[in-house]
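Residue-level structural notes
One-letter residues, chain by chain:
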Amino acid sequence: FLDIEYIYEAESKAAPVRAPEIELTAAMLSDLPGELLHELGEATLALDREAALEITSRIADQAPEVAAGLKVLLDNYKMTKLRDLLEAVNTNAEKP
C-alpha cells in the first residue's frame, strides 16, 4: 500500500467579494455615441458576445460605469435585456 496523506485546504467563511452591479438605464446608454450603440446593437442581435465585449471595452474609455454594467449583462448572457435597453434608447431618440 501507498502511504498517502491528503492535505485539505481550510474552508473560508468569508463570502467572495463581488463588485456592485450597475443597473443600466436607457438614459445612461443614450449618452454614448450612436456608432457604438449601433455596433453594440448589431453584436447583440447576432448574439456575438465576443464582439459585444470588444465594443464594451471601447465604451469603457468614455463611460466606465456603463461599460461595467454592460459587461455584467454580457457575462451573464443577458442579451435580451441589453437589446431591450438599446431599443428604448432608439425609441427615446425618435421622439420629438
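This one's a predicted model, so the numbers in the text were calculated from it and none came from an experiment.

The axes of two packed helices give the description: the angle between them and the distance between them. Orientation of helix H2 (residues 34-45) relative to helix H3 (residues 49-60), taken along the N-to-C sense of each, is 160°, at an axis distance of 8 Å. The orientation of H2 relative to H3 falls into the category roughly antiparallel. For the element pair H2 and H3, the recorded crossing hand is left-handed. Packed against H2, whose contacting residues are Leu 36, Glu 39, Leu 40 and Ala 43, the element H3 presents Ala 51, Ala 52, Ile 55, Thr 56, Arg 58 and Ile 59 at the interface. Residues belonging to the contact of H2 with H3 are distributed by class as follows: 7 nonpolar, 1 polar and 2 charged.

In total, this model carries 1 aromatic pair according to the counting rule given. Ring plane angle 35° and centroid distance 6.5 Å describe the contact between Tyr 6 and Tyr 8, whose orientation is recorded as tilted. Across the pair, exposure class does not vary: Tyr 6 and Tyr 8 are exposed alike.

In the predicted model, the protein carries a mean pLDDT of 86, and the fraction of residues at 70 or more is 85%. Taken element by element, the predicted model of the protein shows its lowest mean pLDDT in helix H5 (residues 79-94) (87) and its highest in H3 (95).

So, about the environment of Leu 74. Its location among the elements puts Leu 74 in helix H4 (residues 64-75). Under the relative-accessibility criterion, Leu 74 is labelled buried at 1%. C-alpha of Leu 74 to C-alpha of Thr 56: the two residues are 18 residues apart in sequence and 9.4 Å apart in space. Ignoring anything within four residues of it in the chain, the contact list for Leu 74 reads Arg 49, Ala 52, Leu 53, Thr 56, Met 79 and Leu 82.

Next up on the list: H3. Taking 1.5 Å as the rise per residue, H3 with 12 residues should run 16 Å; its terminal C-alpha atoms sit 16 Å apart, in good agreement. Residues Arg 49, Ala 52, Leu 53, Ile 55, Thr 56 and Ile 59 constitute the buried set of H3. Within H3, the buried residues cover an arc of 165° as seen down the axis, which keeps them to one side.

About the criteria used
- Throughout, a residue's number is its position along its own chain's written sequence, starting from 1.
- In keeping with the predicted nature of the model, local features appear solely for residues at pLDDT of at least 70, side-chain atom pairs appear and are counted solely at 80 or more, and the whole-chain, interface and lining totals rest on all residues.
- Excluded from the side-chain calculation are hydrogens and water; included are all heavy atoms of the structure.
- Here an axis means a line fitted to C-alpha atoms, over the contact stretch when the element is a helix, while the angle between two N-to-C directions is reported on a 0 to 180 degree scale.
- Each helix is a run of H or I in the DSSP string that is no shorter than four residues. Each strand is a run of E no shorter than two, and both are numbered from the N terminus.
- Should an angle fall under 35 degrees it is called roughly parallel, over 145 degrees roughly antiparallel, and 65 to 115 degrees roughly perpendicular, with every other angle called oblique.
- Handedness of each helix crossing follows the sense of rotation of the near helix against the far helix: counterclockwise by less than a right angle gives left-handed, clockwise gives right-handed.
- Should any heavy atoms of two residues lie within 4.5 Å, those residues are counted as being in contact.
- In the scheme used here, Gly and all other residues not listed as nonpolar or charged are polar, with Ala, Val, Leu, Ile, Met, Phe, Trp, Tyr, Cys and Pro taken as nonpolar and Asp, Glu, Lys and Arg as charged.
- Ring geometry is summarised as follows: Phe, Tyr and Trp rings, the Trp one being its six-membered ring, pair when their centres sit within 6.5 Å, and such pairs are stacked at plane angles under 30 degrees, edge-to-face over 60 and tilted between the two.
- Note on exposure labels: buried denotes an accessible area under 20% of the residue type's maximum, exposed denotes more than 50%, and partly exposed covers the range between, all computed with a 1.4 Å probe on protein chains only.
- The quantity known as pLDDT measures the predictor's confidence residue by residue, on a range of 0 to 100.
- Here the expected length of a helix is defined as 1.5 Å per residue gap, with one fewer gap than residues.
- The directions from the helix axis to the C-beta atoms form the arc being described.

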